[in-house]
Amino acid sequence: MEFENRVVLVTGAARGIGRAIAAAFALEGARVVVNDICSEKSLAAMLHTPPFDNGRTRTMRVDIGDLAEVERMFGEVESVENRLDILVNNAGIIRRGSVETVTEQEWDDVIRVNLKGTFNCLTVAARMMIRQGHGKMINISSVAAKLGDITSAPGYGPSKAAIDALTKTFARQLASHGITVNGVAPHAIETEMSAEWPEEKRRAIVDAIPLKRLGRPEEVAGAALFLASDKADFITGEIIDVNGGFLMD
Ligand SMILES: NC(=O)c1ccc[n+]([C@@H]2O[C@H](COP(=O)([O-])OP(=O)(O)OC[C@H]3O[C@@H](n4cnc5c(N)ncnc54)[C@H](O)[C@@H]3O)[C@@H](O)[C@H]2O)c1
């Protein structure tokens, strides 16, 4: 198995894309740490569901926007597993609205989770990976990083654009330590986040995608696992689009 005994932490992994990424690693033999802010009950239930019922999966209920909590989480991973091979920064939120109605609270919430949360995990994980002399980090971005708002959410695109800049910043600074940092930029993936779209909007979104369908979480997982694999050892600072051809750049 490709990731046998590698230690992988995936943020926001209780559902959607994060869960698909965690499941794909688990099926490839990894020791997976599932982070999320959802209820302890949901996290506990995951451990009874395949492929997470393998005795090699742990859950950690931590808000990635809280640096002290993030430090506690990685500290625990280090003391239990003794290393961290792969980090996937997937947790993200969206607050829908227009530029006229967006509130300070909505802006702050999106920036706190998407940008500060990703930064918190990158910095704390980087210290661990520098000590061990290797590591791979993958940040889940969005097509909105390049296009700005396409789903009526003013803070979301800017938060993802900043994540792309973080990807390149960390990639440059950590390269000499044997650590790669890359991104995956999905568009229109079938999850609870996209389930909020009204039917008419969903039809318009599918219509604009050359492959004429929404993407599946497993298809984002495929790109993340490639970037985490040995096959991608010479790739860093790259952001792979997973968008059905919606944006070709
Ligand atoms: N679904 C799409 O079409 C799409 C498109 C582009 C990018 N993305 C990105 O992919 C990622 C996953 O999206 P999804 O559609 O699976 O979303 P989702 O809402 O289904 O899942 C997000 C998960 O993150 C968790 N989370 C939220 N805040 C957290 C916090 N502070 N700390 C820890 N966990 C937290 C949630 O509890 C949830 O389980 C996000 O970063 C999103 O921006 C999704």
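In case you missed it, the structure is sitting above this.
Fair warning: this is a prediction, and the values are worked out from it, not measured in the lab.

Visitor: Would you mind going over the pattern of salt bridges with me for this structure?
Guide: Two side chains that carry opposite charge are able to pair once their charged atoms sit near each other. Enumeration according to the criterion identifies 20 salt bridges in this entry. Of the charged contacts in the structure, one is a salt bridge between K231 and E2, with a shortest N-O distance of 2.8 Å. In this pair, K231 is assigned in the loop between α9 (217–228) and β7 (239–242) and E2 in the segment before β1 (7–10), connecting sequence segments 229 residues apart. Notably, a salt bridge pairs E69 with R72, separated by 3.3 Å at the nearest N-O pair. Highlighted residues: E69 and R72, both in helix α3 (residues 67–81), separated by three residues, approximately one helical turn.

Visitor: Help me out: how do you make sense of the site of the ligand in this one?
Guide: Close contacts around the ligand come from 25 residues, with R15, D36, N90, Y156 and T191 the closest. Here I37 contributes a backbone N or O atom positioned 3.4 Å from a nitrogen atom of the ligand. T191 places a side-chain nitrogen or oxygen 2.5 Å from an oxygen atom of the ligand. Taking 830 Å² as the accessible area of the ligand by itself, protein coverage stands at 93%. When residues of the shell around the ligand are traced back to their parent elements, those giving at least two are α1 (16–27), β2 (31–36) and α6 (156–174). Residues belonging to the shell around the ligand are distributed by class as follows: 13 nonpolar, eight polar and four charged.

Visitor: Sorry, what's going on with the nonpolar core here?
Guide: Most often, soluble globular proteins have nonpolar side chains that are buried together. Among the nonpolar cores identified, the biggest contains 34 residues, and I21, F25, V34, I86, V88, I138 and V184 are the most heavily contacted of them. Going through the elements one at a time, β1, α1, β2, α2 (40–46), β4 (86–89), β5 (135–140) and α9 are the ones with two or more residues in this core. With 30 residues, the next largest nonpolar core counts I93, L122, A171 and V181 among its residues.

So, how was this worked out
- Residues numbered from 1 in each chain as written.
- Predicted model: local features only at pLDDT ≥ 70, side-chain atom pairs only at ≥ 80, totals over all residues.
- Heavy atoms only, no water.
- Salt bridge = Lys/Arg side-chain N within 4 Å of Asp/Glu carboxyl O.
- Helix = DSSP H or I, 4+ residues; strand = E, 2+ residues; numbered from the N terminus.
- Near = heavy atom within 4 Å.
- Polar contact = N/O pair within 3.5 Å; in protein donor to acceptor, adjacent residues only side chain to side chain.
- Areas by Shrake-Rupley, 256 points an atom, 1.4 Å probe, with all protein chains shown as cover.
- Nonpolar A, V, L, I, M, F, W, Y, C, P; charged D, E, K, R; others polar.
- Core = buried A, V, L, I, M, F, W, Y, C linked by side-chain atoms within 4.5 Å.
- Buried < 20%, exposed > 50% of the residue type's maximum accessible area, 1.4 Å probe, protein only.

By themselves, these figures tell us nothing about what the structure is for.
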